Amino acid sequence: MTSKVMQKFWNPKYADDPIAYIDECFPKDDYREGQKEVIEFAVNAFAGGAKLVILECPTGSGKSPIGMAIANLARDAYYLTITKILQDQLTKDFGDIVELKGRNAYPCTFYERMGDKLIDRKLMTKKSLSKAMSEKPNCGSGFCRKGQKGYKCSDCFTPTGPVEGTLEVLPAGSQYSACPYYEQVHQAINNHNVVMNFSSFLYQTQMTKRFDKPRGIMIIDECHNVESQLLDFVSISLNDVQLQKFGVNIPKFNNAYKYAEWYSDEDIPNVMNQIIGHARETNDLALEDEIKRLHQKFQMFIDHVEESGSNWIVEYKEVGGEYGQSAHRTVTLKPIFIQNYAQDLLFKYADRVLMMSATVLDVGLMCKSLGLKRDEIAAYRMKNRFPVENRPIYIRPAARMVGGVKKMNSEWGVKLVAAVNDIMEEHGDDRGIVHTHNFAIANLLIEKCNPHVKSRFFFQHDYYNNKKYMLEEHAKSKNGVIIAPAMHEGVDLHGDLSRFQIICKVPYANCFDDKQLAARVEVDRKFYTWITALKLVQSYGRSVRSVDDHAKTYIIDEAIYKFLRDANKMLPDWFKEAIIDEN
C-alpha cells in the first residue's frame, strides 16, 4: 500500500500497488536487460519519499520505454526532450503521448478554409491567394502572423469555443480550434502525457502560463543538458536598433545590476510599449512578438538580478558607426550559475521528477549545478549491454593538440592530417564519422587530407547546413565519412552507417570566447572536466547502437592521457574497459 500523498502522485488505477502494474504500463512487448529492474528502482524510490530520481542509462538500454512506463504509472506527465527529433521518435514509438512544438511546426490552414471570404473582403486576390497557398505557410508565418487588417481571431473558433467565434463547424478531428497550433495546444493541455522540447516547455510555462498546473511527474530526457537549456532561457540579449528610434541608446556598464537600474530609471518598459504600438500600426507582428517576449524576459532578469547581481556576466558590443553609418549596441546578460532558477523554471511543474541520460557521470556535480540536495536524490547507473569487444577505443596519439589554431598551423596540424589519412585508409570500404570538435580542425582536414580521402567527406556546410539532408546522402554512399565539429549528440549511426569513428581532439570547451563559461570554470574546475567528459562519452556513443552492432573508435590526441587521469572517477567502467592503448 502507498501513502495518501503518493496515491495523489500515481494514476488512481495503479495507486494501491504501482509495482504490480509495471508490466501493464510498460509500452513494449518485451523488456531489455535491466529495464524492469531500473523501473522498480525508480518506483520504490518515489514511494520511499524521493522527489527526484536520476537514471544513467547507456546507449541501447532503452531510456524511452523506461520513461514512458513511469509516465503511464503517474497521474499525468510532462516528457521533456532536447530536440524535436526525439519528440518525433517518442510520438512515433508510443501512440498515447501528445507532442507540442512551436508554431512553425504546424501548417496554417487559414487560406484554405477562408480563401473565398478573403477575396470577398478584398483582402486578397485570387492570384495572391494562390501564391500564398503555394508557399505552404506554417502557423508561425500564416495569415494571422502577418498582421493583416480585417482578420479576426474568431475566424478560427466556433461560437461556443473559448472565443466567441464565427466558424460554423470545426474541421474533422478538432475539438477546440480550426488552427492546427491552438488545437495541438488544447490536446496537450488535456492529454495524460505530453512531450515537449525544452524551449517549447519554457515558453509555454513562462510566457503564456498555459501549463501552470503541476503534473504528477516530469520525465527529463538527456538531462545532462538541463543547465545549458536553462542558461539559454534565462540569458537575455538586448540591442538598441529599435530603441534608437525613440532616442534611447544602450549604455556600457560592467555590472548587470546597473542595467536593471537603467531599465527602470529610463522607463524602458514604456519605450518598449511604444515600439509594440508602432509594430501594430505597421502590421509587423514578428517585431511585436519579439519585443513582448524581450520585455517579459527583461522583467524576469530584473527579478533575478536583484537577488544575485554579482553573479551575472555582462557582454557589451558596439557595431557600425563607420562610413557614416549609425552605430548600435548590444548587451548580453548571463547568470554564472542557474541553480537559483531551476526550481521555479522547471521542477515546480511536477510532484516528482525523473531525469535520464546516457551520460550523467557525476550525480553530485549535476545536483550541485541544479541546486538540488544530493542526499534527497535517488540515483541508479545501468550496465552497458554491448559486448566490450564490439566497441573498442584505440588510443593512437598523433600529437598533443593544444594551443589553438596558431599551434595547429605551426606544430601539430600536419601530424593530425597524417593520422586521419592513415585511419581512413585502413577503413577504405567503411562509412564512419570524424569528430573534429571545432571548425578549424574540420576545415584543415577538408583542405589538407589526401584527395581520395577528403573526397569521402560529408560536411554539413556543403548541404545547405541541412543536417538531415546530409545524413540522408551519407546513408546512400558506399564509404562516406561524416566530418563534424558538433555531432556528439542527436545522431544515430547504427549498423554500417559507421564502422569507425575518429575523435581528433579531447573536446575541451573554449573558455576564451565565453565569459560566462570562464567565470563558471574559475569557481568550479571540476565542472570543466565534467562537460568535457560528457562530450567525449557522447561522441563515443554515436556508432554502436545495439547489442549486435560494432565499430572502432580512435582517439588521436595525446592530451587524452591527462584527461583520463583527471576524469577517472567520473568515467563509467564500461567506457574505461573498452580502452586499448596502442602507444
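Relevant structure appears above.
Residues numbered from 1 in each chain as written. Predicted model: local features only at pLDDT ≥ 70, side-chain atom pairs only at ≥ 80, totals over all residues. Heavy atoms only, no water.

For the chain, the count of helices and strands is 23 helices and 17 strands. Here the chain has a C-alpha radius of gyration of 26 Å; the compact-globule value for 583 residues is 25 Å, and the two agree. With the principal axes as the frame, the chain shows a C-alpha extent of 75 × 75 × 55 Å. Counting only residues that meet the buried cut, the chain has 51% of its 583 residues in that class. A separation of at least 24 residues holds for 73% of the contacts in the chain among residues at least 6 apart in sequence. (Helix = DSSP H or I, 4+ residues; strand = E, 2+ residues; numbered from the N terminus. Rg over C-alpha atoms; globule rule 2.2 N^0.38 Å. Buried < 20%, exposed > 50% of the residue type's maximum accessible area, 1.4 Å probe, protein only. Contact = heavy atoms within 4.5 Å.)

Attention now moves to the side chain of T436. Within the secondary structure, T436 is located in the loop between strand 12 (432–435) and helix 17 (439–448). Judged by its relative accessible area of 0%, T436 falls in the buried class. For T436, the residues in contact, after removing those within four places along its chain, are I441, A442, L445, I483, A484, P485 and C504.

Turning our attention to the sheet that holds strand 11 (residues 393–399). Strand order in the open sheet made by the seven strands is 13-14-12-15-16-11-17, with parallel pairing throughout. For this open sheet the edge positions go to strand 13 (457–458) and strand 17 (579–581), each flanked by a neighbour on one side alone. In this structure, strand 12 lies alongside strand 14 (residues 481–484), joined through four bridges in parallel fashion. When the sheet's bridge partners are listed, V434 is paired in strand 14 with I483. Of the strands in this sheet, strand 12, strand 13 and strand 14 touch helix 19 (residues 467–476), which is tilted by about 150 degrees from strand 14. Most of the contacts of helix 21 (residues 525–540) go to strand 15 (residues 500–503), to which it runs at about 160 degrees, and overall it touches strand 11, strand 12, strand 15 and strand 16 (552–557). (Pairing = 2+ DSSP bridges. Axes fitted to C-alpha atoms, helices over the stretch in contact; angles between N-to-C directions.)

A few words on the sheet that holds strand 1 (residues 52–56). Strand order in the open sheet made by the seven strands is 3-4-2-5-9-1-10, with parallel pairing throughout. Every other strand in the sheet has two partners, leaving strand 3 (98–100) and strand 10 (377–381) as the edge strands with one partner each. On average, each strand axis in the sheet is inclined to that of its neighbour by 20 degrees, with strand direction left out of account. Summarising the sheet, strand 1 and strand 9 (residues 350–357) pair through five bridges and their orientation is parallel. From the neighbouring strand, E56 faces strand 9, where its bridge partner is S357.

What follows is about the state of the cysteines. Summed over the entire model, instances satisfying the criterion amount to zero disulfides. C223 carries a free sulfur, and the closest cysteine sulfur to it, the one in C57, is 8.9 Å from it. Residue C223 is classed as buried on the basis of its relative accessible area, which comes to 2%. Cysteine C449 shares no disulfide, and the gap to the nearest cysteine sulfur, in C504, comes to 8.5 Å. (Disulfide = S-S within 2.5 Å.)

Turning our eyes to something else, we now look at the environment of P451. Secondary-structure assignment places P451 in helix 18 (residues 451–454). Classification of P451 by relative accessible area gives exposed; the value is 60%. Put simply, P451 and N421 are 30 residues apart on the chain and 9.9 Å apart in space, counted from C-alpha to C-alpha.

Buried residues dominate helix 9 (residues 198–208), accounting for eight of its 11 residues. Burial in helix 9 covers these residues: F198, S200, F201, L202, Q204, T205, Q206 and M207.

This brings us to the packing of helix 6 (residues 110–120) against helix 7 (residues 126–134). Interaxial distance between helix 6 and helix 7 falls to 10 Å at its minimum, and their mutual angle equals 165 degrees. In terms of orientation, helix 6 and helix 7 fall into the roughly antiparallel class. Judged by the twist between their axes, the crossing of helix 6 over helix 7 is right-handed. On helix 7, the residues touching Y111, E112, G115, L118 and I119 of helix 6 are K126, L129, A132 and M133. (Parallel < 35°, antiparallel > 145°, perpendicular 65-115°, else oblique. Left-handed = near helix turned anticlockwise from the far one by under 90°.)

The N-to-C vectors of helix 3 (residues 35–47) and helix 4 (residues 63–73) enclose an angle of 40 degrees; their axes lie 10 Å apart at closest approach. The orientation of helix 3 relative to helix 4 falls into the category oblique. The hand of the helix 3/helix 4 crossing is right-handed. Of helix 4, the residues touching helix 3 (which contributes Q35, V38, I39, A42, V43 and F46) are P65, I66, A69, I70 and L73.

The biggest cluster of nonpolar side chains holds 111 residues, and the ones touching the most others in it are M218, I220, F301, L333, F347 and M355. With residues near it in sequence (within four places) discarded, I220 still touches L80, F198, V226, L346, F347, V353, L354, M355 and M356. Ranked by size, the runner-up nonpolar core spans 36 residues in total, among them V53, I66, M68 and I97. (Core = buried A, V, L, I, M, F, W, Y, C linked by side-chain atoms within 4.5 Å.)

With that settled, the discussion passes to a negative patch on the surface. Taken together, the side chains of E261, D265, E266 and D267 present a region of like negative charge at the surface. For E266, the position within the fold is in the loop between helix 11 (256–265) and helix 12 (268–281). (Patch = residues over 30% accessible without salt bridge, like charges linked within 9 Å, V, L, I, M, F, W, Y side chains within 5 Å. Areas by Shrake-Rupley, 256 points an atom, 1.4 Å probe, with all protein chains shown as cover. Salt bridge = Lys/Arg side-chain N within 4 Å of Asp/Glu carboxyl O. Lys, Arg positive; Asp, Glu negative; His and termini not counted. Charge placed at Lys NZ, Arg CZ, Asp CG, Glu CD.)

So, about the side chain of R431. Note that R431 resides in the loop between helix 16 (404–426) and strand 12. Here S477 takes part through its backbone oxygen, which lies 3.3 Å from a polar atom of the side chain of R431. Ignoring anything within four residues of it in the chain, the contact list for R431 reads H474, A475, K476, S477, K478, N479, G480, D496, L497, S498, R499 and F500. (Polar contact = N/O pair within 3.5 Å; in protein donor to acceptor, adjacent residues only side chain to side chain.)

Right, let's talk about the environment of R396 for a bit. Here R396 lies in strand 11. Given a relative accessible area of 24%, R396 falls into the partly exposed group. Along the sequence, R396 and N254 sit 142 residues apart, while their C-alpha atoms lie 46 Å from each other. Discounting chain neighbours no more than four positions away, the residues touching R396 are I423, E426, Y554, I555, I556 and E582. Among the polar contacts made by the side chain of R396, one reaches the side chain of E426 at a distance of 2.6 Å.

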